[in-house]
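# Structural characterization, general
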Amino acid sequence: MVKITVLSENTVGLPLGLTGEWGLALLVETAGTKVLLDTGERGNILANAAALGINLQEVDALVMSHGHYDHSGGMRDFLRLRGRLPVYVHPDFFALHYVSQPQEQYIGVPFRRKELESLGADFIFEQEPQQIAPGLWVSGEVPRKTTFEKGDSRLFCLENGHRVPDPFRDDMSLYCVTEEGVVIILGCAHAGVVNIVEHARQVTGVDRIYGIIGGTHLGPAPKEQQEATIAYLQNLDLKFLAANHCTGLPVAARLAAIFGPVFHFAPAGASFTLPLREGGEE
């Protein structure tokens, strides 16, 4: 069993005084371990967690899916509350990430490594898959094997002072093995949803994909990538799909129409215990 609670997302789903923001943070509870995936944009996870009755001081580890501000912007506030804990990141987490549209700007981690370490971040730089709790894996760097998952052309980074298309080597996800298959927990899926799913099968040794939750980055993806990814997802026989954040509202609405009761909207405040039982959403 795994319980996933959305602490930060673009939208709000419960009238509890929660705050929405352009960002994502998911609390993952499994095997007696509490792992926070990302921290949202502005630190609103603290107030949102309190409103939901969640004690963030009980979090055992922080996993950062990649080095964008909307996933890392709450790190300072979270660390001030939680104190010292392991923080799993890819070696490229602090890469110089930029976007070219609608205006060119830096969108990487808004804090310096030394500051975060002084607040309690014990960084564990992982490029390879790592099991951090029984049945719970940090993906490590995801191999790029599909031809149609081309990434976002608006995004670039600076390497040795030169502007290059962002390779997003730092894009990581969580893989949780349940009794009915693997649950894949995405940050933004810059590596491509299909690449991530196939990597999850290889890492866990489990072919059955029970469900997927998180940002798919299908919103800004080319039409060809959207269509190929949706066709692939349809062939997985998913029992649960909760695409949010960078999926975009039009694509999320389309997924809801295609997948019917399998699809769940996942705004801030939503909570899912998987595999699903009665209703599945708390």
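Residues numbered from 1 in each chain as written. Predicted model: local features only at pLDDT ≥ 70, side-chain atom pairs only at ≥ 80, totals over all residues. Heavy atoms only, no water.

### Some thoughts on the UniProt feature "domain: Metallo-beta-lactamase" (unreviewed entry) in the chain
What UniProt calls "domain: Metallo-beta-lactamase" (unreviewed entry) maps, in this numbering, to residues 22-245. For residues 22-245, the end-to-end C-alpha separation is 7 Å, with 22% helix and 31% strand making up the annotated structure. (UniProt positions renumbered as here; feature names shortened; annotations may be inferred. Helix = DSSP H or I, 4+ residues; strand = E, 2+ residues; numbered from the N terminus.)

### Considerations on the packing of aromatic side chains
All told, the structure shown has 7 aromatic pairs when counted by the stated rule. Centroid distance Phe 93 to Phe 94: 4.9 Å. Interplanar angle 75°. Geometry classified as edge-to-face. For Phe 93, a relative accessible area of 1% translates into the label buried. A residue is classified by how much of its surface remains accessible, and Phe 94, at 25% relative accessible area, is partly exposed. (Phe/Tyr/Trp six-rings, centres within 6.5 Å; stacked < 30°, edge-to-face > 60°. Buried < 20%, exposed > 50% of the residue type's maximum accessible area, 1.4 Å probe, protein only.)

### Things to note about the sheet that holds strand 6 (residues 96-99)
Ordered by their spatial adjacency, 4 strands build an open sheet running 7-6-11-12, and the pairing between neighbours is antiparallel. Each edge of the sheet is formed by a strand with only one pairing partner; in this case those strands are strand 7 (105-106) and strand 12 (162-165). Direction of pairing for strand 6 relative to strand 7: antiparallel, over a ladder of 2 bridges. Residue pairing for strand 7: Val 99 is matched across the bridge by Gln 105. (Pairing = 2+ DSSP bridges.)

### What about helix 6 (residues 223-234)?
The periodicity of an α-helix, 3.6 residues per turn, causes residues three or four places apart in sequence to face the same way. With 12 residues, helix 6 extends 17 Å from end C-alpha to end C-alpha; this agrees with the ideal 16 Å at 1.5 Å per step. All of the buried residues in helix 6 are Gln 225, Gln 226, Thr 229, Ile 230, Tyr 232 and Leu 233. Seen end-on, helix 6 carries its buried residues on one side only, within an arc spanning 160°. Exposed side of helix 6, more than 90 degrees from the buried face: Lys 223 and Glu 224 are the residues found there. Its buried side turned inward, helix 6 meets helix 5 (193-204), strand 15 (209-215) and helix 7 (249-259). (Expected span 1.5 Å × (residues − 1). Arc of directions from axis to C-beta. Contact = heavy atoms within 4.5 Å.)

### Description of the pattern of salt bridges
Counted under the stated rule, the structure contains 15 salt bridges. As a salt-bridge pair, Arg 201 and Glu 198 come within 2.8 Å of each other at their nearest N and O atoms. One end of the pair is Arg 201 and the other is Glu 198, both in helix 5 and 3 residues apart, which spans about a single turn. Here the salt bridges do not stand alone but share partners, grouping Asp 92, Glu 159 and Arg 169 into one network. (Salt bridge = Lys/Arg side-chain N within 4 Å of Asp/Glu carboxyl O.)

### Quick notes on the pairing of strand 11 (residues 155-159)
Across 4 bridges, the pairing between strand 6 and strand 11 is antiparallel. Directly across from His 97, in strand 11, lies its bridge partner Cys 157. Where strand 11 meets strand 12, 4 bridges bridge the pair, whose relative direction is antiparallel. Note on strand 12: the bridge partner recorded for Cys 157 is Val 164. Adjacent in sequence and paired antiparallel, strand 11 and strand 12 are bridged by 2 residues, among which Asn 160 carries a positive phi angle near 55°.

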